[in-house]
Amino acid sequence: MNNAHAESNQEPITSPLDLDLLEQIRSQFHHTEHCPYAGKRIYFESAGGSLTLKSVIERTAELGAVPDNEHRNNAASKAMSSVVEEGLENLKLLFGAKSGVVFGGETGTECLFRLVRSAVLASPEGGSILSSSVEHPSTYSATQIWAENTSREWIEVPFDTRSGVVSAADYASCVRPDTRVATVIHTNPVTGVVMDIKAIIDAIRAIAPECYVIVDGIQHAPHGYLDVEAYGADAYVLSLYKVYSKFNNGYAWLSDRMSVIPHDRLIGKPNNVWELGSRDPSALAAITEVVKYLAWLGKQFTQEAGTRDQLHAAGKVMLQHERALISMLLNGNAEHCGLLGMQGVTVVGTTDINQREGVVSFCVENMETANLVELLGDRGIRIHTRSSDIYSGNILRPLGIESVARVSFAHYNTEEEVRTFLENLLEILK
């Protein structure tokens, strides 16, 4: 087995984060270098869940101890309502939403299933529903289930198995004037490949302007700047546990058009309310802490006072730093061979660094991926196996690959960690 791509971007990429600022960043997260169960380690598993901000844990623990719910005539209840409203406003800022509504669900997957179901049931009878096998099962499964439940045609949009990209042209070849619902993934969590969702959505709208378009942004959200107003979608979903928070809710943004379609809600509530039951103030407070952190990071690179400008600056810096790490991982440096130069190593997906966010997956000829991941774990390097199962099979099967080793970064990772990874991988391969 040889590398699918002989080379990647050869221009050197310089990180905008100097060592002092990177240390300030790392100091704000729990467990940057030590696992509480396994000891010292390098954390390259952010696609499975990012490191957690210390401020998130402190603030959510404080609020989690308060028993009072909203809508009572007492000081604690009013304080909880203020926390919730602040969190929702910060969630809108994070999404880049000037219109529409935001709401929280059990998980990002639950939000996507609920949105697909509601959009399908709100659409005229007949027609088709589109999804691509490059997507996560949260949309790939949901669209199939609700196409079957409503006797509609489910159409699978193909993707380029060499690059891992599904393009606007791929969607245009499958969409029809009667396409009712289409799902799109922003960044694939197995390959790290980024899709041009604006071009894809424009291609869908050109043929089926009334189609509901739902975007899975769960893998993209930790790696850049969100601007849902610019994408042209009807819905966009993220999961906060991948955006520097603890495990809790998934969150969705809905356009004005989609927010008022029939959906589960309490009778008597406004028709654009999607929340079911009482909200957890501490979960909303976690959003506020994440936005505060990102604004702080952005302020190191912009003089603008607006939070959105600061989030934009933070997103650009995060992407550039991660691309510097990916460049080193793929191409190596003067002392270390990169993945693309290692005999028997295959990198999955495009090696165009500008089309990747935070993830590189690879496999090694004549070596079980699970064994490789275990050997690296024994050396204090935490990565993960993605297998041809219910979670990753729809992306790996078209590639003819049973499993891959996934290395996933965030902006808190360092070049020294990448060097250590390459050194240990080369020793194992010998």
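Please refer to the structure placed before this passage.
So, here's what we can say about the structure. Bear in mind the structure is a predicted one, so any value in this text is a computation, not a measurement.

Conventions used here
Residues numbered from 1 in each chain as written. Predicted model: local features only at pLDDT ≥ 70, side-chain atom pairs only at ≥ 80, totals over all residues. Heavy atoms only, no water. Helix = DSSP H or I, 4+ residues; strand = E, 2+ residues; numbered from the N terminus. Expected span 1.5 Å × (residues − 1). Polar contact = N/O pair within 3.5 Å; in protein donor to acceptor, adjacent residues only side chain to side chain. Disulfide = S-S within 2.5 Å. Buried < 20%, exposed > 50% of the residue type's maximum accessible area, 1.4 Å probe, protein only. Pairing = 2+ DSSP bridges. Axes fitted to C-alpha atoms, helices over the stretch in contact; angles between N-to-C directions. Contact = heavy atoms within 4.5 Å. Salt bridge = Lys/Arg side-chain N within 4 Å of Asp/Glu carboxyl O.

### Let's talk about helix α3 (residues 75–95)
- The terminal C-alpha atoms of α3 lie 30 Å apart, and with 21 residues this matches the ideal 30 Å at 1.5 Å per residue to within 8%.
- Measuring from the side-chain oxygen of the N-cap residue of α3 to the backbone nitrogen of A76 gives 3.1 Å; that N-cap residue is N74.
- Where α3 terminates, the next one or two residues include G96, which has phi positive at roughly 80 degrees.

### Regarding unusual backbone geometry
- Phi at H71 is positive, roughly 65 degrees, even though this residue is not glycine.
- You can see H71 is positioned in the loop between α2 (54–64) and α3.
- Residue Y244 is not a glycine yet carries a positive backbone phi of 70 degrees.
- Within the secondary structure layout, Y244 lies in the loop between β9 (235–239) and β10 (250–254).

### Notes on the state of the cysteines
- Enumeration over the complete set of coordinates arrives at 0 disulfides.
- Between C337, a cysteine without a disulfide, and C363, which holds the nearest cysteine sulfur, the sulfur-to-sulfur distance is 16 Å.
- Residue C337 is classed as partly exposed on the basis of its relative accessible area of 30%.
- The class of C363 is buried, set by a relative accessible area of 6%.

### Quick word on the sheet that holds strand β14 (residues 384–387)
- Strands sit in the order β11-β12-β15-β14 across an open sheet of 4 strands; the sheet is antiparallel. Whereas interior strands pair on both sides, the edge strands pair on one side only; in this sheet they are β11 (345–347) and β14. Across the sheet, the mean angle separating the axes of adjacent strands is 35 degrees when strand polarity is ignored.
- Alignment of strand β12 (residues 359–364) against strand β15 (residues 403–408), held across 4 bridges, turns out to be antiparallel. Residue pairing across strands places F362 opposite A405, the latter belonging to β15.
- Each of β11, β12 and β15 is contacted by helix α11 (residues 307–331), which is oriented at about 15 degrees to β12, the strand it contacts most.
- The strands that helix α12 (residues 369–378) touches are β12, β14 and β15; relative to β15, the one it contacts most, it runs at about 35 degrees.

### Details of the pattern of salt bridges
- On inspection of all chains with the given rule, the structure shows 17 salt bridges.
- Put simply, R279 and E70 hold a salt bridge, and the shortest N to O gap is 3.4 Å. Of this pair, R279 sits in the loop between α9 (256–259) and α10 (281–299) while E70 sits in the loop between α2 and α3, and the two are 209 residues apart along the sequence.
- A relative accessible area of 22% means that R279 is categorised as partly exposed.
- The exposure class of E70 is buried, given its relative accessible area of 4%.
- Its salt-bridge partner being D234, residue R257 comes within 3.0 Å of it at the nearest N-O pair. With R257 in helix α9 and D234 in the loop between α8 (228–231) and β9, the pair connects residues that are 23 residues apart, well separated along the chain.
- Through salt bridges with shared partners, one network takes in R26, E33, K40 and E417.

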